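Residue-level structural notes
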There are 2 protein chains.
Amino acid sequence: MPTVSSEELAAAAGVNSAKLRKDFSYLGSYGTRGVGYDVEYLVYQISRELGLTQDWPVVIVGIGNLGAALANYGGFASRGFRVAALIDADPAMAGKPVAGMPVQHTDDLEKIIEDNGVSIGVIATPAGAAQQVCERLVAAGVTSILNFAPTVLSVPDGVDVRKVDLSIELQILAFHEQRKAGEDLAADDVVPPVAAKQPRKGPDGDVPAVMPA
Amino acid sequence: MPTVSSEELAAAAGVNSAKLRKDFSYLGSYGTRGVGYDVEYLVYQISRELGLTQDWPVVIVGIGNLGAALANYGGFASRGFRVAALIDADPAMAGKPVAGMPVQHTDDLEKIIEDNGVSIGVIATPAGAAQQVCERLVAAGVTSILNFAPTVLSVPDGVDVRKVDLSIELQILAFHEQRKAGEDLAADDVVPPVAAKQPRKGPDGDVPAVMPA
DNA sequence: GAATGTGAATTTCTTCACAGCG
DNA sequence: CGCTGTGAAGAAATTCACATTC
């Protein structure tokens with residue numbers, strides 16, 4: 001399939017074709033009127049815009065089950081991420097191979113970051129260790145952190161943190177599940193705009209902005 | 001702290017106080033004018049609305065590193081989720097304890113779902129097994145699926161699927177990292193609305209609706 | 001003829017601002 | 001007096017619809 005129309009892409013993605021065209025237009029005019037978009041060229045342009053064509057060395061700190069799962073995760077390599085090092089505080093882990101790579105000790109964290117020019121760190125430690133690890137990463141030059149530990153990290157300005165809470169997705173499913181069960185009540189309910197939205201099939205979904213801890 | 005004002009909550013969450021009050025108003029009028037919101041009552045009402053007060057039995061299928069990490073994840077219990085069973089296709093895993101619970105074999109999947117009244121399933125299998133597991137879960141009565149496998153699942157109407165792609169969050173960080181690096185170029189760039197947004201510190205962030213596989 | 005790119009129209013979301021209540 | 005709850009105003013996002021290009 002050498003070319004594709006906005007209509008086809010929109011149908012596949014479950015969005016309006018005009019929105020798709022407008023979004024693409026912000027990246028430039030890569031389509032051909034009367035024909036559509038050249039698939040290969042479009043993929044390249046989007047990949048470049050998203051930074052997928054760059055090589056991003058990352059370190060994973062905390063090689064428990066989750067850290068090991070991340071180290072083995074195939075999706076990283078295909079998106080331009082290269083796991084530069086696995087780091088753990090447990091001396092017993094040091095040297096052990098995980099995902100074909102020896103685990104290194106936390107003592108060497110700063111050197112590893114600097115030697116590999118790492119600017120993105122992944123924290124998969126227990127909650128108690130996360131803030132300290134975070135501070136060492138930042139001090140060593142990391143400016144983006146992906147946090148899997150169930151803690152809110154505080155970082156200086158200029159450092160980005162994204163927190164992944166594995167239970168939030170479950171909570172969203174449970175929320176809709178609850179609605180399914182109480183569907184007959186929905187009619188006489190004062191249905192709030194956000195809550196009333198039925199989940200769609202596509203890769204989307206609404207997360208409330210505010211949620212209790 | 002027995003009560004809290006919308007102003008305080010808004011500051012803590014990094015949002016506008018009017019938005020917060022309007023959002024709360026959809027749940028009902030739980031505040032007191034001149035005083036604020038009763039913290040305990042508010043937490044209860046929000047929890048109930050989100051379904052956190054219910055008990056949701058879930059099964060985890062695929063007990064590799066990721067499945068084991070999920071089984072051990074403390075965040076589930078506190079949000080009303082109860083891991084009812086761990087299921088794996090490897091006969092060597094059967095009976096082995098993970099997170100204080102014996103792994104069960106896939107053969108018994110249907111019986112486990114029915115006996116426990118499970119409506120939410122978590123798939124942490126390799127990509128190749130995911131669709132088949134999904135179909136068995138659905139046939140056995142599961143109506144919500146959280147998919148960690150790197151595959152798009154197809155399901156019948158009425159079944160919700162949410163896909164967790166661990167690399168997407170990294171990709172978002174890399175996207176902003178790229179912008180940081182090329183900041184001086186930003187000026188003469190035709191900056192698209194979405195892409196131009198700087199990441200904020202709060203628990204938010206924008207994921208493009210359309211992204212190449 | 002077919003499909004893009006984009007102003008204009010429309011819809012949705014957010015914020016303002018203030019009446020009303022405790 | 002302080003703070004909620006909410007109409008009205010304003011801003012942003014989405015969709016329409018069509019001139020334009022291949």
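Look up: the structure comes first, before these words.
Residues numbered from 1 in each chain as written. Chains lettered and ligands numbered in written order. Predicted model: local features only at pLDDT ≥ 70, side-chain atom pairs only at ≥ 80, totals over all residues. Heavy atoms only, no water.

**Some points on the relation of the copies chain B and chain A**
Of the transformation placing chain B onto chain A, the axial shift is 0.0 Å and the rotation is 180°, giving an RMSD of 0.1 Å. Taken together, these values place the two copies in the relation of a two-fold axis. Relative to the rotation axis, the C-alpha of Asn65(B) is the closest in chain B, positioned 2.5 Å from it. The overlap is high: 100% of the interface residues of chain B also sit at the interface in chain A, so the same surface is used on both sides. (Least-squares fit on C-alpha atoms with pLDDT ≥ 70 in both. Contact = heavy atoms within 4.5 Å.)

**Re the packing of aromatic side chains**
All names here are of chain A. In the structure shown here, the tally under the stated rule is 8 aromatic pairs over all chains. With centroids separated by 5.2 Å and ring planes inclined at 90°, the aromatic side chains of Phe 24 and Tyr 37 adopt a geometry described as edge-to-face. Residue Phe 24 is found in helix α2 (residues 17–27), and its partner Tyr 37 is found in strand β3 (residues 36–38); the two are separated by 13 residues along the sequence. The pair formed by Phe 24 and Tyr 37 is uniform in burial state, with each residue classed as buried. Cluster of aromatic residues (ring-pair linked, three or more members): Tyr 73, Phe 76 and Phe 81. (Phe/Tyr/Trp six-rings, centres within 6.5 Å; stacked < 30°, edge-to-face > 60°. Helix = DSSP H or I, 4+ residues; strand = E, 2+ residues; numbered from the N terminus. Buried < 20%, exposed > 50% of the residue type's maximum accessible area, 1.4 Å probe, protein only.)

**Observations regarding the nonpolar core**
Counting residues in each nonpolar core, the largest one holds 54 residues, and the members touching the most others are Leu70(A) and Leu70(B). Not counting residues up to four positions away in its chain, the partners in contact with Leu70(A) are Ile60(A), Phe76(A), Val122(A), Ala124(A), Phe148(A) and Leu166(B). (Core = buried A, V, L, I, M, F, W, Y, C linked by side-chain atoms within 4.5 Å.)

**Observations regarding the pairing of strand β4 (residues 56–61) of chain B**
All names here are of chain B. Within β4, 6 of the 6 residues are buried, which leaves it mostly tucked inside the rest of the structure. Pairing between β4 and strand β5 (residues 81–88): 6 bridges, direction parallel. Residue Ile 60 lies in a different strand from β5, and its bridge partner there is Leu 86. Sheet topology note: the β4/strand β8 (residues 120–123) ladder contains 4 bridges and is parallel. Following the sheet pairing, Val 58 is matched in β8 by Ile 120. (Pairing = 2+ DSSP bridges.)

**Notes on the protein's contact with DNA strand C**
Inspection of the region around DNA strand C gives 22 residues, with Ser6(A), Arg21(A), Arg33(A), Gly34(A) and Tyr37(A) positioned closest. The sugar and phosphate moieties of DNA strand C supply 60% of its atoms located within 4 Å of the protein. Here Tyr37(A) contributes a side-chain N or O atom positioned 2.9 Å from a phosphate oxygen of DNA strand C. Asn16(B) is positioned with one of its side-chain polar atoms (N or O) 3.2 Å from a phosphate oxygen of DNA strand C. At the level of elements, α2, β2 (31–32) and β3 of chain A together with α2 (17–27) of chain B are the ones that each hand at least two residues to the surface near DNA strand C. Counting residues per element, the surface near DNA strand C draws most heavily on α2(B), which supplies 4 residues. (Near = heavy atom within 4 Å. Polar contact = N/O pair within 3.5 Å; in protein donor to acceptor, adjacent residues only side chain to side chain.)

**Looking at the sheet that holds strand β6 (residues 97–98) of chain B**
Backbone hydrogen bonds are what pair the strands of a sheet, in a parallel or an antiparallel way. All names here are of chain B. Spatially, 7 strands are ordered β6-β7-β5-β4-β8-β9-β10 in an open sheet, and the strand pairing comes out mixed. With one partner strand each, in any of the chains shown, β6 and β10 (160–163) form the two edges of the open sheet. Note: β5 against strand β7 (residues 101–105), 3 bridges, orientation parallel. Looking at the pairing, Asp 88 lines up with His 105 of β7. With respect to the sheet, helix α4 (residues 65–72) is in contact with β4, β5, β6 and β8, its orientation differing from that of β4 by roughly 160°. (Axes fitted to C-alpha atoms, helices over the stretch in contact; angles between N-to-C directions.)

Function cannot be read off these values alone, since they describe shape.
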